[in-house]
Amino acid sequence: MNKAVNDGVWSGSWVAERLGVELLGDPELTDLLGLALRRNPKRAHLLVSNVLGKHVPQSPSVVYGYGFTLGRRVRELLGTEESRRAVVLGYAETATGLGHAVADGIAVAPYLHSTRRPVPGVATAGGFEESHSHATSHLLLPENPELLAGEGPLVLVDDEFSTGNTVLNTIRDLHERYPRDRYVVVALVDMRSAADAGRLDEFAAEIGARVDLVAAASGTVGLPEGVLEKGQELVARYEAGGAGTGGSSSAAPSGPVAQFPAPLKDEGIAVDPSLETAPNPHPPGARGTARPATTDPHPSHNRTTRVDLRWPRNLPDGGRHGFTPAHRIRLEAALPAMAARLADALPQNAHRVHILGFEELMYAPLRLARELEQVIDAGVTYSTTTRSPVLAVDDPGYAIRTRLTFPAHDTPADGPGDRYAYNIAGAGFDAVVAVIDDTADTPELHAPDGLLARLAENTPHVVLAVVPSYVPERPPMLPDPLRGPAFSSYAPEEVGWLLQDLSDVTLEAPTEEREEAIQSGGAHYAESLPVEYQPSEQYQQLFHTALDEAAGRLALAVGAVTELVLAERSPHPVLVSLARAGTPVGVLMRRWAQYRHGLDLPHYAVSIVRGRGIDANALRWLAAHHDPADVVFVDGWTGKGAITRELTDAIREFEESDGITGFDPEIAVLADPGSCVKTYGTREDFLIPSACLNSTVSGLISRTVLRSDLVGPHDFHGAKFYRELAGADVSVDFLDAVAARFPEVTDAVTVLAKELLAADRTPTWEGWAAVERISEEYGIHDVNLVKPGVGETTRVLLRRVPWKILARAGAGADLDHVRLLAEQRGVPVEEVAELPYTCVGLIHPKYTRGATGADGKAVAV
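Numbering of residues begins from 1 in every chain and follows the order in which that chain's sequence is written. A pLDDT threshold of at least 70 governs which residues receive local features in this predicted model, and a stricter bar of 80 or more applies before side-chain atom pairs are shown or counted, although totals over entire chains, interfaces and linings include all residues. Think of the side-chain values as coming from all heavy atoms in the structure, minus any hydrogens and water.

Describing the overall build of the protein
Next up, step 1: Where helices and strands are cited, they refer to DSSP runs of H or I of at least four residues and of E of at least two residues respectively, numbered from the N terminus. Each helix and strand counted, the protein has 25 helices and 32 strands in total.
Next up, step 2: Note on exposure labels: buried denotes an accessible area under 20% of the residue type's maximum, exposed denotes more than 50%, and partly exposed covers the range between, all computed with a 1.4 Å probe on protein chains only. Within the protein, buried positions represent 60% of all 861 residues.
Next up, step 3: Note on definitions: a residue-residue contact is assigned when non-hydrogen atoms from the two residues lie within 4.5 Å. Put simply, 77% of the contacts in the protein that link residues at least 6 apart link residues at least 24 apart.

What follows is the structure, encoded as structure tokens:
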């Protein structure tokens, strides 16, 4: 064991002798740790790491090597596949660089560290408390919440693992939001007491996850009775007398000055053994004390050299918002040139150069220091500033020999205060390179009592390198919903459209032209619109006749499905219709809740596109304004269930990408002839008159549009408002006709709702099986060309190129409008004796067999 840390004396002996504190455990503990004292009501002693790069200057290769080696051990523990799913989380401020080095050792893991710096516009994904710290609140601010929402192992990295409280607080907070099966705790030293040793296993059993621990060394701290009070008294006495602290700067050297730890060997990492120091030629002075100019021949404003690193654009400066393996590759490529620029700024005769990082900014300075160590013929050491106040005592057996004090210079959220750099004064550095982020490049940094001035008192050359502080691009605020009469013919309170208005864009194309483009794979169906069908007088009469006959039936289904939603989903649901067929149904459900229960339910319409999912920006807007658990998606009817499956997949992908959970993909529909959902008003396949028309029964709104040149990453999907069709609009007529029947079906709704609530409504997906059978029987061999049910068949006749219509024998008046449309388009209607739906529309397969395909496109064959 090598105890030659300061003049051959262990740097914890001063505290050990006075307080009786002992390090018990692995023999290398005294190489890794020294001891110091601090003013803290919970723990007076401080374990000072010799290899962390925080308080004690150390070779950057040694600092990086320890973290990197721990990362390799984690990778071996997890295995290759689990390592690829892992995420590494480090703790601010002390372990941000260590955690980053661990992530580098794992190699394939992204990295995030907690922070005490709030960033405007970046949402907090979590937080926790560090119980023994002087500054407790930690924030988690990932740019991509998926970093925390994944199911792979979470690797938590801290410099020491003592009571375990910080780690348990973190896991508890995150596990409630993003539960996972495995956690790995990584620390330079495991210093748990015997009483704390079993807590990790108990906690793992409590949450039902595996928790492993990886450490470079382990042991305990032996604390005699009364050590806290005795330590506090010792700190107070030394601070009151100024003994050993040198005021706010350093002690005047009395004998050997600031002998720093001998470099530690770590699995073949080569380091420079020359870490000897020389007396400082510029004796320090207390902050605020007037000194003649002749005592300081190197005023900081004249002696600080600023170097432009040319940090790569949009490369994060660390893991505050996440750092991915791709970022790591970019940094590795840029490091040699940045280190060369630093080398050019140093004096040619420099023998000892120190790189000083800044609080949480540990990794970038560490990597720069390690790279510089490879390219200059001088000893390079590394440490960082800190907000942690520690007593300085100029004694070889004490870990903190000197202390520089200066004001905070990054406008911290908790207000102004002192900051510190330890073991810099009196160390004899020929040059000190301060690496900070641009948030901290403030007047306070350059003030007469600022960090640069403090450094200039203790070294002949100060170099300043400023790294741009990475702030995630803040997406534009999503707009408020569009409402009538400016957008749609519905009253503004009836529905808010989470869409963008594309009314001024020409999007329509002839049906046959669209069909050919879609089926050939040249276009997605959502990239254009069919020409709006203008019904003949005869067809309009059919609509009104069907509405008169079906209004009571519709009212009954509306009431029943709304009662199911209120009973099973939420007493205060947020109705979200799938535009546009679901929108009239959502309005009617809102009207029923108002009529029957006096509820004023919010109602929105959003876009969902087969093959491309639901509008994620609409979900983000909903999550920002409502509890996702209250959202109930609404549609008119089910066919074979493609949209049901699409929504389920889309919600799962959204949860993974955004980390926002709570949305239930179960759709509520009026009619579920395909047996695809469990929340419905009926499973009969009957004519819902709103299916007879397009925009003129849906508030004059088109089908939704998703095209990359019109819809950006921060935009809602688009749609058009056909104001020019106002003369043919029957949207409100449809709603009023159905709502007028509410009083007469109230009792029947009560009975039907009770029956449905008591029934087994588990989806059987009978419709999907029937569609597959029809596809094969008719030689189509593609379920996407088979559109089952009255509503879907009507859409085929209005928007696509129909091949033939299959009608159930004896279907009667429900198919009058289908027969009329088929006659107008010259499409044969074939009666089928046993058909699970009232009718089925077959899209013409003449263009390609694939037609619209599973993703809304086709591959030509």
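Examining helix α3 (residues 60-78)
Next up, step 1: The end-to-end C-alpha distance of α3, which contains 19 residues, comes to 27 Å, matching closely the 27 Å that a straight helix rising 1.5 Å per residue would cover.
Next up, step 2: Directly beyond the C-terminal end of α3, a positive phi value near 90 degrees is found at G79. Helix span, expected: 1.5 Å multiplied by one less than the number of residues in the helix.

Topic: the pattern of salt bridges
Side chains bearing opposite charge may pair, as long as their charged atoms lie close to each other.
Next up, step 1: Salt bridge, as applied in this entry: a Lys or Arg side-chain nitrogen positioned within 4 Å of an Asp or Glu carboxyl oxygen. Counted by the stated rule, this structure contains 35 salt bridges.
Next up, step 2: Between K54 and E93 there is a salt bridge whose closest N-O contact spans 3.1 Å. On the criterion of sequence distance, the pair formed by K54 in the loop between β3 (45-49) and α3 and E93 in the loop between β4 (87-90) and α5 (96-106) is long-range, its members being 39 residues apart. In terms of burial, K54 and E93 fall into one category: buried.
Next up, step 3: A salt bridge links E744 to R741; its shortest N-O distance comes to 2.9 Å.

Quick word on the layout of surface pockets
Next up, step 1: In this structure, the second largest pocket occupies an estimated 430 Å³ of space.
Next up, step 2: Of all the secondary structure elements, the ones that give two or more residues to the lining of the second largest pocket are α4 (80-85), α6 (146-149) and α20 (642-658).
Next up, step 3: For this scheme, ten residues count as nonpolar: Ala, Val, Leu, Ile, Met, Phe, Trp, Tyr, Cys and Pro. Four count as charged, namely Asp, Glu, Lys and Arg, and the remainder, Gly too, count as polar. Split into classes, the residues belonging to the lining of the second largest pocket amount to seven nonpolar, three polar and eight charged. Using a 1 Å grid laid over the protein atoms alone, points where a 1.4 Å probe fits but cannot get out form a cavity; open sets with protein on both sides within 12 Å along at least 5 of 7 lines form a pocket; any residue with an atom within 4 Å of a point counts as lining. Grid points are joined across faces, edges and corners, and a volume is the space filled by probe spheres set on the points.

Looking at the nonpolar core
Next up, step 1: Core analysis: the largest hydrophobic core is formed by 137 residues, its most contacted members being V155 and Y398.
Next up, step 2: Within this scheme, the nonpolar core is defined by two criteria: the residues are buried Ala, Val, Leu, Ile, Met, Phe, Trp, Tyr or Cys, and they are joined through side-chain atoms within 4.5 Å. Core analysis: the second largest hydrophobic core is formed by 70 residues, V558, A579, A691 and A811 among them.

Thoughts on the sheet that holds strand β13 (residues 379-384)
Next up, step 1: Taken together, the five strands give an open sheet; going across it, the order is β11-β17-β16-β12-β13, and neighbouring strands pair in parallel fashion. Pairing within the sheet leaves two strands with one partner each, and these edge strands are β11 (304-307) and β13. Each strand of the sheet is rotated relative to its neighbour by a mean of 25 degrees, with strand direction disregarded.
Next up, step 2: In this fold helix α12 (residues 325-345) packs onto β11, β16 (431-437) and β17 (462-467), with an angle of close to 155 degrees to the strand it touches most, β11. Pairs of strands are assigned from DSSP output, requiring at least two bridges between the strands. Note on definitions: angles span 0 to 180 degrees between N-to-C directions of axes, and those axes are lines fitted to C-alpha atoms, for helices only across the stretch in contact.

Some points on the environment of V122
Next up, step 1: Topologically, V122 is positioned in the loop between β5 (111-113) and β6 (126-129).
Next up, step 2: With relative accessibility at 13%, the residue V122 sits in the buried group.
Next up, step 3: Setting aside anything within four residues of it in sequence, one finds V122 in contact with L141, P142, H321 and P472.

Some points on helix α18 (residues 582-597)
Helical periodicity: at 3.6 residues per turn, an α-helix aligns residues three or four positions apart in one direction.
Next up, step 1: The end-to-end C-alpha separation of α18 is 22 Å, in line with the 22 Å expected for 16 residues at 1.5 Å each.
Next up, step 2: Burial of α18 is extensive: twelve of the 16 residues sit out of reach of the surface.
Next up, step 3: Just downstream of α18, G598 is the residue with a positive phi angle, here 70 degrees.

A word on the packing of aromatic side chains
Next up, step 1: Pairing of aromatic rings covers Phe, Tyr and Trp, the last counted by its six-membered ring, and requires centre-to-centre distances within 6.5 Å; plane angles under 30 degrees mean stacked, over 60 mean edge-to-face, and any other angle means tilted. For the coordinates displayed, the defined rule picks out 14 aromatic pairs.
Next up, step 2: Judged by centre distance (6.0 Å) and plane angle (10 degrees), the rings of Y420 and Y422 are stacked.
Next up, step 3: On the accessibility criterion, Y420 (10% relative accessible area) is buried.
Next up, step 4: Arranged with centres 6.3 Å apart and planes meeting at 40 degrees, the rings of F633 and F663 form a pair that is tilted. With F633 in strand β25 (residues 631-637) and F663 in the loop between α20 and β26 (667-671), this pair connects stretches of sequence that are 30 residues apart.
Next up, step 5: Using a relative accessible area of 4% as the deciding quantity, one classes F663 as buried.

Description of the sheet that holds strand β30 (residues 802-808)
Next up, step 1: The four strands are arranged β29-β32-β30-β31 in an open sheet whose pairing can be described as mixed. Lying at the two open borders of the sheet, with one neighbouring strand each, are β29 (786-788) and β31 (829-832). Strand after strand, the sheet turns through a mean of 20 degrees between neighbouring axes, direction not considered.
Next up, step 2: In this structure, β29 lies alongside strand β32 (residues 839-843), joined through three bridges in antiparallel fashion.

Observations concerning the pairing of β17
Next up, step 1: β17 sits mainly inside the fold: six of its six residues count as buried.
Next up, step 2: In this sheet, β17 lies alongside β11 in parallel orientation, the contact comprising four bridges. When the sheet's bridge partners are listed, V307 is paired in β17 with A465.
Next up, step 3: Where β16 lies against β17, six bridges are found, and the strand directions are parallel. The partner of V432 across the bridge, within β17, is V462.

A look at the side chain of R591
Next up, step 1: By secondary structure assignment, the location of R591 is in helix α18.
Next up, step 2: As used in this structure description, the phrase polar contact means that two N or O atoms lie within 3.5 Å; if the pair is within protein, one of them must be able to donate a hydrogen and the other to accept it, and residues adjacent in sequence are counted only when both atoms belong to side chains. Engagement of the side chain of R591 in a polar contact is seen with the side chain of D736, the distance being 2.9 Å.
Next up, step 3: With sequence-adjacent residues up to four places away left out, R591 is seen in contact with E494, L735, D736, A739 and F742.

With respect to the packing of helix α7 (residues 165-177) against helix α9 (residues 199-207)
Next up, step 1: Contact pair α7 / α9: the axes reach a minimum separation of 11 Å and the direction vectors enclose 5 degrees. Between α7 and α9, the interaxial angle falls into the category roughly parallel. Contacts from N165, L168, I171, R172 and H175 in α7 reach R199, L200, F203, E206 and I207 in α9.
Next up, step 2: Split by residue class, the contact of α7 with α9 holds five nonpolar, two polar and three charged. Convention used here: angles under 35 degrees read as roughly parallel, angles over 145 as roughly antiparallel, angles from 65 to 115 as roughly perpendicular, and any remaining angle as oblique.

Notes on a negative patch on the surface
Next up, step 1: Negative charge collects at one region of the surface, where E146, E151, D181, E653 and E656 lie side by side.
Next up, step 2: A relative accessible area of 48% places E653 in the partly exposed class. Only residues above 30% relative accessible area that lack a salt bridge enter a patch, with like-charged residues linked at up to 9 Å and the nonpolar side chains Val, Leu, Ile, Met, Phe, Trp and Tyr linked at up to 5 Å. Using a 1.4 Å probe, accessible areas were evaluated by the Shrake-Rupley method; residue-level cover was limited to the displayed protein chains. None of His or the chain ends enter the tally, which takes Lys and Arg as positive and Asp and Glu as negative. Think of each charge as sitting on NZ of Lys, CZ of Arg, CG of Asp or CD of Glu.

Some words on the packing of helix α19 (residues 616-625) against α20
Next up, step 1: α20 packs onto α19 with a crossing angle of 70 degrees between their chain directions and a minimal axis gap of 11 Å. Here α20 runs roughly perpendicular to α19, going by the angle between their axes. As for the relative orientation of α19 and α20, their crossing is right-handed in sense. Here A616, L619 and R620 of α19 lie close against α20, whose contacting residues are I651, F654 and D658.
Next up, step 2: Its residues assigned to classes, the contact of α19 with α20 shows four nonpolar, no polar and two charged. Should the near helix be turned anticlockwise from the far one by less than a right angle, the crossing is left-handed, and should it be turned clockwise, the crossing is right-handed.

Description of the confidence of the model for the protein
Next up, step 1: Every residue carries a pLDDT, the predictor's confidence in it, which falls somewhere between 0 and 100. Chain-level pLDDT for the protein is 84 on average; 86% of the residues reach the 70-or-more range.
Next up, step 2: A low-confidence stretch, residues 1-5 (pLDDT under 50), is modelled with 18 contacts involving residues beyond four sequence positions or located in other chains.
Next up, step 3: Overall, residues 848-861 carries pLDDT values under 50, and its contacts beyond four positions in sequence, including any with other chains, amount to 49 contacts.

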